[in-house]
Amino acid sequence: MTDQPPGDLTLADVLAAAAEELPGIVEGEAGGARTWSSAGRMFATLAGDRAEFRLDPLVAGAALRTPDTAPSARGAEWVAFGPAELDDAAIDRAEAWFLSAHRRAAALGH
């Protein structure tokens, strides 16, 4: 991850740092949002201070029971995350969901 203190980080910083460590990531833009794909499957987006992750349905169900989340208009597998404060817990969740979404996209694409 990054060496910046949590108060100086943005959600974009957290996701960019997580993406650096992963193979086969394609970054792009769609509809004004930054996107991340693997194996031809988009698995995460970021628009402003709101990220969305395409998660396994069981993980998505659990994620929706945590603070600052909501169902996404993208579909049942997608969870929207807009933390009111980017504290350590929010950073951990964003990174974990990004990595989980990447693993799933890579596995489904093969």
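Everything numeric in this text was worked out from a predicted model, so none of it was measured.

Thresholds applied
- Chains are numbered independently. Their residues run from 1 in the order of the written sequence.
- Whole-chain, interface and lining totals are the exception, using all residues; otherwise, since this is a predicted model, local features are given only for residues with pLDDT of at least 70 and side-chain atom pairs are given and counted only at 80 or more.
- Think of the side-chain values as coming from all heavy atoms in the structure, minus any hydrogens and water.
- Stacked, edge-to-face and tilted labels apply to pairs of Phe, Tyr and Trp rings (six-membered ring for Trp) whose centres lie within 6.5 Å, assigned for plane angles under 30 degrees, over 60, and everything in between, in that order.
- Secondary structure elements follow DSSP: runs of H or I of four or more residues count as helices, runs of E of two or more count as strands, with numbering from the N terminus.
- Burial classification: accessible surface area is computed with a 1.4 Å probe over protein chains only, and a residue below 20% of its type maximum counts as buried, one above 50% as exposed, and the rest as partly exposed.
- Only when the NZ atom of a Lys or the CZ atom of an Arg is both within 6 Å of the ring centre and within 35 degrees of the ring normal do we say a charge sits over the ring.
- One requirement defines pairing of two strands: DSSP has to find at least two bridges between them.

Draft legend 1. A look at the packing of aromatic side chains. The tally for this structure, following the rule as stated, stands at 4 aromatic pairs. Ring geometry for F43 and F98: centres 5.1 Å apart, planes at 70°, overall edge-to-face. Of this pair, F43 sits in strand β3 (residues 41-47) while F98 sits in helix α3 (residues 88-108), and the two are 55 residues apart along the sequence. Take F43 and F98: they sit in the same class, and that class is buried. Seen in terms of ring centroids, F81 and W97 are 5.1 Å apart; in terms of plane orientation they differ by 90°. Their pairing is edge-to-face. You can see F81 sitting in strand β6 (residues 75-81) and its partner W97 sitting in helix α3, a full 16 residues away along the chain. Like F81, the residue W97 is buried in the burial classification. Within the aromatic cluster, the residues linked to one another by ring pairs are W36, F43 and F98. R74 extends its terminal NZ or CZ atom over the ring of W78, reaching a point 5.4 Å from the ring centre.

Draft legend 2. Region of interest: the pairing of β3. Bridge count for strand β2 (residues 33-38) against β3 is 5 bridges, and the pairing is antiparallel. Residue T35 lies in a different strand from β3, and its bridge partner there is T45. Linking β2 to β3, which pair antiparallel, is a turn of 2 residues; within it A39 sits at a positive phi near 55°. Strand direction decides the pairing type here: β3 and strand β4 (residues 50-54), joined by 4 bridges, are antiparallel. Counted as the bridge partner of T45 is E52 from β4.

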